[in-house]
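# Report on the structure
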Amino acid sequence: MDEHPVDLGAFLNDIEGHLLLAATRRDGHAAAARFADSLGWPTETQRADLEARFETEYLALVRSSWQRTEARGRELRAEYEERYRVLRGRLLAVFLLGCALLTAAVSLVAAG
């Protein structure tokens, strides 16, 4: 057996990525075929070239869109993590203030 443990999450992410890319390639090819069909005039060679170029452009657009989405996701994650840190700090401050007030109240009751 292999001595290296398999990271199941990374493995599944890789599979998902390959499936997503394959589906996108199929979508690009189908869109290219529909576009070439709508023209009606290209020869088979021209049609193949046109479809290949269209599919390449389609994949480039999708890749660009995925990269923008990924960048925005990182930005949002950073924003939410910062907000979480601030809220956690506020909660800790309120908790410590509450403990201090409770301790002071108990001391006053015990002294009086």
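Everything discussed here concerns the structure shown above.
The structure contained in this document is the topic of the report that follows. (Residues numbered from 1 in each chain as written. Predicted model: local features only at pLDDT ≥ 70, side-chain atom pairs only at ≥ 80, totals over all residues. Heavy atoms only, no water.)

On the surface, a nonpolar cluster with roughly 600 Å² of combined accessible area is contributed by Val6, Leu8, Phe11, Leu12, Ile15 and Leu19. Considering the arrangement of structural elements, one finds Leu8 in helix 1 (residues 8-39). Residue classification places Leu8 among the exposed positions, given a relative accessible area of 53%. (Patch = residues over 30% accessible without salt bridge, like charges linked within 9 Å, V, L, I, M, F, W, Y side chains within 5 Å. Areas by Shrake-Rupley, 256 points an atom, 1.4 Å probe, with all protein chains shown as cover. Salt bridge = Lys/Arg side-chain N within 4 Å of Asp/Glu carboxyl O. Helix = DSSP H or I, 4+ residues; strand = E, 2+ residues; numbered from the N terminus. Buried < 20%, exposed > 50% of the residue type's maximum accessible area, 1.4 Å probe, protein only.)

What follows is about the packing of helix 1 against helix 2 (residues 44-111). Running from N to C, helix 1 and helix 2 point in directions that differ by 135 degrees, and their axes come no closer than 8 Å. The pairing of helix 1 with helix 2 is recorded here as oblique in orientation. Where helix 1 crosses over helix 2, the two elements pack in a sense that is right-handed. Residue composition of the contact of helix 1 with helix 2, by class: 13 nonpolar, 3 polar and 6 charged. (Axes fitted to C-alpha atoms, helices over the stretch in contact; angles between N-to-C directions. Parallel < 35°, antiparallel > 145°, perpendicular 65-115°, else oblique. Left-handed = near helix turned anticlockwise from the far one by under 90°. Nonpolar A, V, L, I, M, F, W, Y, C, P; charged D, E, K, R; others polar.)

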